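A structural walkthrough
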Amino acid sequence: MEETPEAEDVMAHAVWSGALTFGLVALPVQMFSATENHTIRFNQLQRGTSDRVRNKRVNERTGEEVPLTEIVKGYDMGDDYVVVEPGELEEIAPGRSKSLEISGFVDLDTIDPIYFDKTYYLGPKSKEYAKVYALLHEALSRSNRAGIATFVMRNREYLVAVKAEGDILTLHTLHWADEIRDPRTEIGTLPEHAKVADRELATAVQLVEALSVDWDPETYHDTYQEKVLELVQAKRAGATVEKSEPAPRSTNVIDLMGALQASIDKAKTGGGKAKEEAELRPPVRLKDAAEKRRTRQAAGKETKKSAAAELEGLSKTELYQRATDAGIPGRSSMSREELLKALAAHAAEPSGGGRRKKRAS
């Protein structure tokens, strides 16, 4: 059944669709972004004007602007660059996966949280596959296991884990093993064999217990984002905003016991009410979070339309430059309409990419 324009306006856009397979069983699914970014973005203006500032690609040696058609990629080998043409990368890029084949099921507790990257919701492609979907969900839930698979989306290969969460299946993109940094080589100040006095340890444990609360994600929110919006509104009205409080001072090792005990005393006097309120709050369910997300989506619809309108106002050259910055393949042969669609779709794909040495551009 085709969706009406009204339904499309409400339902989320699937970022990938295909068949999830395990053994000889195939389940057609659609994948949807489970999270959204509320980062506030600013345009760069020249001070004293409303003129936008645009970035230009400049040759670092001559200072002259370089046309997009003359730009190639160079891999830094230390003493020289290996030059790679954009077309060469597109030729070896993997094709889009039409299936998500689970190669095995692992105990969820064995996956270190550091490997988890981004979360997606999986839904059956149509209601006729509800039984197979429910079967896999229940099997994963009871066994406390996750299905491990690899698949390709937008010319990039992903390692993923499929697991049951609440009453739905979720897909988590995972970092590859060689993307995880060794903390011992990254952090030179880690203690080797630091001795902790029994009295200090007992007091620290007592403080942890005194500050223990039930996990409720709705309790936490992005206060910096709120302050940025307050600043924008205040400046528009010609008012001022209070400055943030300075960061707390580091605890001196000599004062450690005193700081621990003072913290416990403060928690005992000021934390009782907060704990009582936490006990009265019902636990946050996935359905409740989804409902609140839909409410936020309705409220933010105008903002998304503004972003789309901004893209619509750009010329094809400007759209091509944005597509180049985003690394969208096949952009050189795209029409203006195709560039618009590709840039809109790019925002929904998983973030990633390894860190490379940056050069002037």
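Residues numbered from 1 in each chain as written. Predicted model: local features only at pLDDT ≥ 70, side-chain atom pairs only at ≥ 80, totals over all residues. Heavy atoms only, no water.

A few points about a nonpolar patch on the surface
Filter applied, for reference: What makes a patch is a set of residues exposed beyond 30% relative accessible area and free of salt bridges, joined within 9 Å when like-charged and within 5 Å when nonpolar (Val, Leu, Ile, Met, Phe, Trp, Tyr). Areas reported here follow the Shrake-Rupley algorithm with a probe of radius 1.4 Å; residue values treat only the protein chains shown as occluding. Criterion for a salt bridge: a side-chain nitrogen of Lys or Arg within 4 Å of a carboxyl oxygen of Asp or Glu. Labels follow the DSSP assignment, with helices taken as runs of H or I lasting at least four residues and strands as runs of E lasting at least two, numbered in each case from the N terminus.
On the surface, Val 72, Tyr 81 and Val 83 cluster together to form a nonpolar patch covering roughly 240 Å² of accessible area. Within the element layout of this structure, Tyr 81 appears in strand E4 (residues 81-84).

A look at helix H6 (residues 223-237)
Stated precisely, the cut-off is as follows: A helix's residues, less one, multiplied by 1.5 Å, set its expected span. Whether a residue is buried, partly exposed or exposed follows from its accessible area with a 1.4 Å probe, protein chains only, as a fraction of its type maximum: under 20%, in between, or over 50%, in that order. Residues adjacent in sequence count toward polar contacts only when both atoms are side-chain atoms; beyond that, a polar contact is any pair of N or O atoms within 3.5 Å, and within protein one must be able to donate a hydrogen and the other to accept it.
With 15 residues, H6 extends 21 Å between its outermost C-alpha atoms, agreeing within 8% with the 21 Å of an ideal straight helix rising 1.5 Å per residue. Where H6 is concerned, the buried positions are Gln 225, Val 228 and Ala 234. Backbone nitrogen of Tyr 224 and a side-chain oxygen of the N-cap are separated by 3.2 Å at the start of H6; the cap is Asp 222. Phi turns positive one or two residues past the end of H6, at Gly 238, with a value near 80°.

Section: the nonpolar core
Note the threshold: In plain words, nonpolar cores are sets of buried Ala, Val, Leu, Ile, Met, Phe, Trp, Tyr and Cys residues tied together by side-chain atoms within 4.5 Å. In what follows, residue pairs with any heavy atoms lying within 4.5 Å of each other are defined as contacts.
Among the nonpolar cores identified, the biggest contains 23 residues, and Leu 20, Met 31, Leu 100, Leu 122, Phe 151 and Leu 171 are the most heavily contacted of them. When contributions to this core are tallied by element, the ones reaching two or more residues are strand E1 (16-22), strand E2 (25-33), strand E5 (99-107), strand E6 (116-124), helix H3 (130-143), strand E7 (145-153), strand E8 (156-165) and strand E9 (168-174). Here this core takes four residues from E8, the largest share from any one element. Not counting the four nearest positions on each side in its chain, Leu 20 is found in contact with Val 25, Ala 26, Leu 27, Val 29, Leu 100, Ile 102, Leu 122, Leu 136 and Val 162.

Quick notes on the side chain of Thr 203
Among the secondary structure elements, Thr 203 is positioned in helix H5 (residues 198-210). The residues touching Thr 203, leaving out its near neighbours within four places in the chain, are Met 257, Leu 260, Gln 261 and Ile 264.

A closer look at the pattern of salt bridges
Considering all chains together, one arrives at four salt bridges under this definition. We note a salt bridge from Glu 65 to Lys 56, for which the minimum N-O separation is 3.9 Å.

Function cannot be inferred from these measures alone, as they are strictly geometric.
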